[in-house]
Amino acid sequence: MRLTVFGNNATCPEADGACACYLLEAAGKKILLDLGDASLAKLQQKIDLAEIDLILISHWHFDHMGDLFCAKYQLETRAANGEVMRPILLAGPAAPPWAMAELGSGGVFEFCPLEAGRETTLQGVKVQPFALPHLIESYGLRLRAEGKTFAYSGDTGATDEVQALARGADLFLCEASLRNEQTAEQGHHLCAGMAGRFAARAGARRLVLTHYPARHAAAILAQARQQYPAAVLSRIFESYEIG
C-alpha cells in the first residue's frame, strides 16, 4: 500500500499548489481520495487519469472535489475522439443535485453512494466511512487492504469519531487547518494539536498532516508534535509506503 500526495492546501490552492488530492495504490488498484481545485494538473504529471480505478470523495466542497468537473470533461473528450474509456467508480456522500446533473452525464463516472458506518468493498479494498462534523455532510475514510489500514480525516471538527477512524491505522492522513490558538473554526476544522492528540490516542503508527496553510506550516508541525512527536507535514509529490 502506497500513498502519494498531489494536493494538500487548505480551502483554496496556493501559488503553485493544489487542494486535497491523494493517490492510494492498494490491492493492485489506483484509488484517488478527493480531487480538489488545481490538483488535476499535479496528478497528470505522474499518472494518466484513465488509469484511476476508484475516486472517493470525502465531501462536496470544491477544495475536495472541484477538479472532478475538469476530469469529466477530459475523459468525455477523449471518448468522443475515439478512445475506449471505461467508467470510473465514484463514491462518497450523496452528491448534490447540481453536481449530479453535470457529473452524471456522458457515462464517465459510475456512482456509488457511501453510507456512514457501513463498510463496503470497492475495487478489492474495504472502505468504511465515518460521519464527521463539518459544514456539510462529510466523511472520514478508513481503507483496509493487504493487511494494512489507512485512515483519512477529510475535513472535520473535534470529535471522538476521529479517534475511532484512526484507531490502529498504519498511516493516518489528518487535516491540520488551524493553529491551536485559532478557535473560530474549530467546530468544523482541526487545529494541529488536536490532530496530534487524536493520532496519539488512536495508536496510529504514523501521522501525516495535510490541509494546512503553507505560511503557518512550521507552527502547525511544532504544535502537532507536542502531542505526536513523529508527526510530519505532507508535501505535494511525496510518497509514503504504508505498513
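For the structure given in this document, a descriptive report is provided here. (Residues numbered from 1 in each chain as written. Predicted model: local features only at pLDDT ≥ 70, side-chain atom pairs only at ≥ 80, totals over all residues. Heavy atoms only, no water.)

## A short note on the overall build of the chain
Link 1 in the chain: Tallying secondary structure elements over the chain gives 7 helices and 14 strands in all.
Link 2 in the chain: For a compact globule of 243 residues, the expected C-alpha radius of gyration is about 18 Å, and the chain comes in at 17 Å, within 12% of that figure.
Link 3 in the chain: On the principal axes, the C-alpha backbone points of the chain span a range of 55 × 40 × 30 Å.
Link 4 in the chain: Here the chain, with 243 residues, has 56% of them falling under the buried criterion.
Link 5 in the chain: Within the chain, contacts between residues at least 6 apart in sequence are counted, and of these 57% link residues at least 24 apart.
Link 6 in the chain: For the chain, the exposed area adds up to about 9700 Å²; of that, 49% sits on carbon and sulfur atoms.
Link 7 in the chain: The centroid of the 22 positive side-chain charges in the chain is displaced by 7 Å from the centroid of its 27 negative side-chain charges. (Helix = DSSP H or I, 4+ residues; strand = E, 2+ residues; numbered from the N terminus. Rg over C-alpha atoms; globule rule 2.2 N^0.38 Å. Buried < 20%, exposed > 50% of the residue type's maximum accessible area, 1.4 Å probe, protein only. Contact = heavy atoms within 4.5 Å. Areas by Shrake-Rupley, 256 points an atom, 1.4 Å probe, with all protein chains shown as cover. Lys, Arg positive; Asp, Glu negative; His and termini not counted. Charge placed at Lys NZ, Arg CZ, Asp CG, Glu CD.)

## A short note on the sheet that holds strand 5 (residues 88-92)
Link 1 in the chain: Taken in spatial order, the 7 strands make up an open sheet running 6-5-4-3-2-1-14, and their pairing is mixed. The strands lining the two open edges of the sheet, one partner per strand, are strand 6 (109-113) and strand 14 (239-241). Neighbouring strand axes in the sheet, compared pairwise and without regard to direction, differ in orientation by 20° on average.
Link 2 in the chain: The pairing of strand 5 with strand 6 spans 5 bridges and is parallel. Residue G92 lies in a different strand from strand 6, and its bridge partner there is P113. (Pairing = 2+ DSSP bridges. Axes fitted to C-alpha atoms, helices over the stretch in contact; angles between N-to-C directions.)

## Re the sheet that holds strand 9 (residues 138-145)
Paired through their backbone hydrogen bonds, the strands of a sheet run either parallel or antiparallel.
Link 1 in the chain: If you walk across this open sheet you meet the 7 strands as 7-8-9-10-11-12-13, and the pairing is mixed. One side of each edge strand has no neighbouring strand; the edge strands of this open sheet are strand 7 (120-122) and strand 13 (232-233).
Link 2 in the chain: One ladder, built from 3 bridges, connects strand 7 with strand 8 (residues 125-132); its direction is antiparallel. Residue T120 lies in a different strand from strand 8, and its bridge partner there is V127.
Link 3 in the chain: On the sheet, helix 6 (residues 192-202) packs against strand 11 (171-175) and strand 12 (207-210) and is oriented at approximately 155° with respect to strand 12.

## Quick look at unusual backbone geometry
Link 1 in the chain: In this structure, D16 is a non-glycine residue whose phi angle is positive, near 60°.
Link 2 in the chain: With respect to the element layout, D16 can be found in the loop between strand 1 (2-7) and strand 2 (21-26).
Link 3 in the chain: Unusually for a residue other than glycine, A27 sits at a positive phi of about 55°.
Link 4 in the chain: Looking at the element boundaries, A27 is found in the loop between strand 2 and strand 3 (29-35).
Link 5 in the chain: Residue classification places A27 among the partly exposed residues on the basis of a relative accessible area of 34%.

As far as function goes, none of this settles anything; it's purely spatial.
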